[in-house]
Amino acid sequence: MTIHSEDPFATPDDLRSPVRRLRGRMASTVTLWTAGEGRDRAGLTVSSAVIADGDPGRVLGLVDDESEFWAAAERTGRFVLTLLGPEDRQLADRFAGLLPAPGGLFRDEGWTQLDQGPVPAGERTTAGCVVEQATPFGWGLLVEATVAEIRFGAAAEPLLHYRGRYRELR
């Protein structure tokens, strides 16, 4: 019996969009964006985010405009960006909709509520953000936000997304 090293159901490279193929060759840091509180919490795994230094600092990210996360962030006008590490693969998959979440997305880990939204328990690096504007962009929504608050956890290795898989720095 042979186990495939690649997904046998994946669309072959030559049939994929050239832009998607180009994007897939760029390593991206995996982040978790969360908004809301109580029963109105929502979140989304985002690997298309950029942090721009300035006064104030800015966050840019592409999100699904039909996601529960965007509905919560738009309603509250704020969200939290949390950097994820290699130990967060299942958390990232759950918030990306790739793993089942019986009992809801926020059921498993302990969560801490910040002014801008919930964050997974533990020593995490987070940025509390205030939404400035959102613009349709490609197949998503370009969200622009200012950084209102930064909390630094331990300097941990990032979780990266590259060529359709999670990777680690080595």
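Scroll up for the structure.
Quick caveat: nothing in here was measured; it's all calculated off a predicted structure.

Quick notes on empty space enclosed by the protein
Thinking step 1. For the structure on display, the rule yields 1 cavity of 30 Å³ or more.
Thinking step 2. Empty space within the largest cavity amounts to approximately 30 Å³.
Thinking step 3. Around the largest cavity sit G36, E37, T76, R78, Q113, D115, Q116 and G117, which together line it.
Thinking step 4. When grouped by side-chain class, the residues that make up the lining of the largest cavity number no nonpolar, 5 polar and 3 charged.

Structural notes on the layout of surface pockets
Thinking step 1. Here the largest pocket defines a volume of roughly 2,000 Å³.
Thinking step 2. Forming the walls of the largest pocket are 40 residues, and the residues nearest its centre are R20, R23, S47, H161 and G164.
Thinking step 3. Only α1 (18-24), β3 (42-46), β5 (58-63), β11 (159-162) and β12 (165-168) provide two or more residues apiece to the lining of the largest pocket.
Thinking step 4. Residue classes in the lining of the largest pocket are distributed as 16 nonpolar, 11 polar and 13 charged.

Examining the sheet that holds strand β6 (residues 78-83)
Within a sheet, each strand pairs with its neighbour through backbone hydrogen bonds, oriented either parallel or antiparallel.
Thinking step 1. Read from one edge of the open sheet, 7 strands run β3-β2-β6-β9-β10-β5-β4, paired in antiparallel fashion. Of all the strands in the sheet, the pair left with one neighbour each is β3 and β4 (49-52). Strand-to-strand twist in this sheet, taken as the mean axis angle between neighbours without regard to direction, amounts to 30°.
Thinking step 2. The pairing of β4 with β5 spans 4 bridges and is antiparallel.

Here's the deal with the sheet that holds β12
Thinking step 1. Across the sheet, which stays open at both edges, the 3 strands sit in the order β1-β11-β12 with antiparallel pairing between neighbours. Because the sheet does not close on itself, it has two edges, and the strands there are β1 (28-29) and β12.
Thinking step 2. Where β11 meets β12, 4 bridges bridge the pair, whose relative direction is antiparallel. Bridge assignment links H161 to a residue of β12, and that residue is Y166.

Re the nonpolar core
Thinking step 1. By size, the foremost hydrophobic cluster in this structure holds 20 residues, and its most contacted members are W33, V59, V63, F69, W70, F79 and V143.
Thinking step 2. Among the secondary structure elements, those contributing two or more residues to this core are β2 (31-35), β3, β5, α2 (68-76), β6, β9 (126-137) and β10 (140-151).
Thinking step 3. Excluding residues within four positions of it along the chain, V63 makes contact with W33, L44, V46, F69, W70, G140, L141 and V143.

So, how was this worked out
Residues numbered from 1 in each chain as written. Predicted model: local features only at pLDDT ≥ 70, side-chain atom pairs only at ≥ 80, totals over all residues. Heavy atoms only, no water. 1 Å grid on protein atoms, 1.4 Å probe; cavity = no way out; pocket = protein on both sides within 12 Å on 5 of 7 lines; lining within 4 Å. Points joined across faces, edges and corners; volume = space filled by probe spheres on them. Nonpolar A, V, L, I, M, F, W, Y, C, P; charged D, E, K, R; others polar. Helix = DSSP H or I, 4+ residues; strand = E, 2+ residues; numbered from the N terminus. Pairing = 2+ DSSP bridges. Axes fitted to C-alpha atoms, helices over the stretch in contact; angles between N-to-C directions. Core = buried A, V, L, I, M, F, W, Y, C linked by side-chain atoms within 4.5 Å. Buried < 20%, exposed > 50% of the residue type's maximum accessible area, 1.4 Å probe, protein only. Contact = heavy atoms within 4.5 Å.

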